[in-house]
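Structure at a glance
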Amino acid sequence: MNALTLPDIAAQAARQALPLEWVGMCGIALPVLFDGQRLVATADAGVSLDDGEARGIHMSRLYLALEQLAQETLSPPVLQRVLQRFLDSHRGLSSSASIKIHTDLLLKRPALISPLAGWKSYPVTIEARLKNAMFHVELKIDLPYSSTCPCSAALARQLIQQQFITDFANTSLQHADVLAWLGSTNGIVATPHSQRSSAQLRLRLDDYLDELPLVAIINDAEAALGTAVQTAVKRADEQAFALANGQNLMFCEDAARRLNQALKRAPGINAFHIRVVHAESLHAHDAVADSRWNWEAA
Ligand SMILES: Nc1nc2c(ncn2[C@@H]2O[C@H](COP(=O)(O)OP(=O)(O)OP(=O)(O)O)[C@@H](O)[C@H]2O)c(=O)[nH]1
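None of these values were measured; they are calculated from a predicted model.

**What about the site of the ligand?**
As a matter of local geometry, the ligand sits amid Asp-8, Gly-56, Ile-57, His-58, Met-59, Ser-60 and Arg-61. Between Ile-57 and the ligand, the recorded distance is 2.9 Å, taken from a backbone N or O atom to a nitrogen atom. Here His-58 contributes a side-chain N or O atom positioned 2.8 Å from an oxygen atom of the ligand. Compared with its free state, where it exposes 650 Å², the ligand has 42% of that area covered by protein. Looking at the shell around the ligand residue by residue, the classes come out as two nonpolar, three polar and two charged.

Here's what the structure looks like:
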């Protein structure tokens, strides 16, 4: 060996010939561009190692191809070009390539009543795969929202009725008495439990999309759920939120069904797997519902 030649271990023959389904790097720091923002992201990037005789893949080639994602707005065509570069730089070694990008999308959300707004962070993962010229993109989105138990609300209403009977038994009622009673703690002797809940959406996108419909999907899903968690909140906003929750009682089953309907209507999605998790304040465990559409067949 010439003293100036660097040893290239990856190019050596493997001691034990065996193809590998996926080889790559996880947790690569990457600043990505999306929705006019520069977002801090991490990427997992890799290829299959089909040539069982080859010792290793060329990780630096994948790493360098990722730079394109720091330069251009994240979109399906850009992801496809990067994956094609992974494969072009591993001719004879790999037939499939994949990339996962984890980031937090920041969206500015207005308050319900006051003229205020604040930032909300949505954890998202964008996963793209290229195999035998077939290109697929999958999104994972986590959405926090508030849910109030309909059963608990009905039980609380019944207790309020009982309290009313107790407080006004054998009394001739004046409008002012009832109004004062309604404003007292006796008038709301029981409250239903509500909880911070989360919807975990996994979505497969149609192949032809030029843009990632992340913001539209988040907006559609939040509209379907009805009580997204808030950002900037003054008392007027809190009161509006209390009213919205009172008008939007839901079990986890209700939330899953609403999301199912909304996502089936949303353009650009050809399959999904939804999980909603209501982190119960009644129990120390969660109430959970799943819903799928075209998921097994895809
Ligand atoms: N394949 C592989 N490479 C690793 C691993 N851990 C670290 N590396 C390093 O990743 C570096 C980059 O690999 P290559 O892309 O093959 O680098 P290179 O041979 O200089 O680049 P090319 O000439 O393009 O092949 C090498 O120095 C490897 O030692 C590993 O587990 N597997």
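Picking up where we left off.
**Structural notes on helix H8 (residues 252-265)**
With 14 residues, H8 should reach 20 Å at 1.5 Å per residue; the first-to-last C-alpha distance of 20 Å fits that figure. Buried within H8 are the following residues: Cys-252, Ala-255, Ala-256, Leu-259, Asn-260, Ala-262 and Leu-263. Contacts from the buried residues of H8 go to strand S5 (134-148), strand S6 (194-205), helix H6 (214-225), strand S7 (269-278) and strand S8 (287-293).

**Examining the pattern of salt bridges**
Pairing is possible between side chains that carry opposite charge, provided their charged atoms lie close to one another. According to the stated counting rule, one finds nine salt bridges in the structure shown. Measuring nitrogen to oxygen at the nearest pair gives 3.3 Å for the salt bridge that ties Arg-91 to Asp-88. Residue class for Arg-91 comes out exposed when judged on its relative accessible area of 64%. Among the residues examined, Asp-88 registers a relative accessible area of 35% and is labelled partly exposed. Among the ionic pairs, Arg-204 bridges to Glu-138, the shortest N-O distance being 3.2 Å. Here Arg-204, found in strand S6, pairs with Glu-138, found in strand S5; they are 66 residues apart in sequence, far enough to count as distant. Where salt bridges share partners, they join Glu-127, Arg-129, Glu-138, Arg-202 and Arg-204 into one cluster.

**Quick notes on the domain arrangement of the protein chain**
By the assigned domains, the protein chain splits into domain 1 (20-149 + 193-293) and domain 2 (150-188). Computed from C-alpha atoms alone, the centre-to-centre distance between domain 1 and domain 2 is 46 Å. Counting residues at the interface gives seven residues for domain 1, matched by five residues for domain 2. Linking domain 1 with domain 2 are zero salt bridges, by the criterion used here. Between domain 1 and domain 2 we count four residue pairs in polar contact (both at pLDDT 80 or more) in total. Class assignment of the residues belonging to the side of domain 1 that touches domain 2 gives a composition of four nonpolar, two polar and one charged.

**Focus on the side chain of Ser-96**
As for its placement among the helices and strands, Ser-96 is situated in strand S3 (residues 96-110). Discounting residues that sit within four places of it in the chain, Ser-96 has contacts with Gly-46, Val-47, Ser-48, Leu-87, Leu-130 and Lys-131.

**Quick word on the layout of surface pockets**
Considered as a void within the structure, the largest pocket measures approximately 430 Å³ in volume. For the lining of the largest pocket, the elements supplying multiple residues, two or more each, are S5, helix H4 (150-168), S6 and helix H7 (235-246). Looking at the lining of the largest pocket residue by residue, the classes come out as 10 nonpolar, eight polar and one charged. Mapped onto the domain boundaries, the lining of the largest pocket takes at least three residues apiece from domain 1 (20-149 + 193-293) and domain 2 (150-188). A volume near 210 Å³ is recorded for the second largest pocket. Taken together, 14 residues form the lining of the second largest pocket, with Lys-120, Glu-222, Ala-228, Val-229 and Gln-230 sitting closest to its centre. Mapped by element, the contributors of at least two residues to the lining of the second largest pocket are S3, H6 and H7.

**Observations concerning the UniProt feature "site: May be catalytically important" (unreviewed entry) in the protein chain**
The UniProt record marks Cys-149 with the feature "site: May be catalytically important" (unreviewed entry), using the residue numbering of this structure. If you trace the backbone, Cys-149 turns up in the loop between S5 and H4. Here Cys-149 falls in the buried class, since its relative accessible area comes to 10%. Residue contacts for Cys-149: discarding those within four places in its chain leaves Pro-192, His-193, Gln-195, Leu-249, Met-250 and Phe-251.

Analysis parameters
- Residues numbered from 1 in each chain as written.
- Predicted model: local features only at pLDDT ≥ 70, side-chain atom pairs only at ≥ 80, totals over all residues.
- Heavy atoms only, no water.
- Near = heavy atom within 4 Å.
- Polar contact = N/O pair within 3.5 Å; in protein donor to acceptor, adjacent residues only side chain to side chain.
- Areas by Shrake-Rupley, 256 points an atom, 1.4 Å probe, with all protein chains shown as cover.
- Nonpolar A, V, L, I, M, F, W, Y, C, P; charged D, E, K, R; others polar.
- Helix = DSSP H or I, 4+ residues; strand = E, 2+ residues; numbered from the N terminus.
- Expected span 1.5 Å × (residues − 1).
- Buried < 20%, exposed > 50% of the residue type's maximum accessible area, 1.4 Å probe, protein only.
- Contact = heavy atoms within 4.5 Å.
- Salt bridge = Lys/Arg side-chain N within 4 Å of Asp/Glu carboxyl O.
- Domains from an automatic or database assignment.
- 1 Å grid on protein atoms, 1.4 Å probe; cavity = no way out; pocket = protein on both sides within 12 Å on 5 of 7 lines; lining within 4 Å.
- Points joined across faces, edges and corners; volume = space filled by probe spheres on them.
- UniProt positions renumbered as here; feature names shortened; annotations may be inferred.

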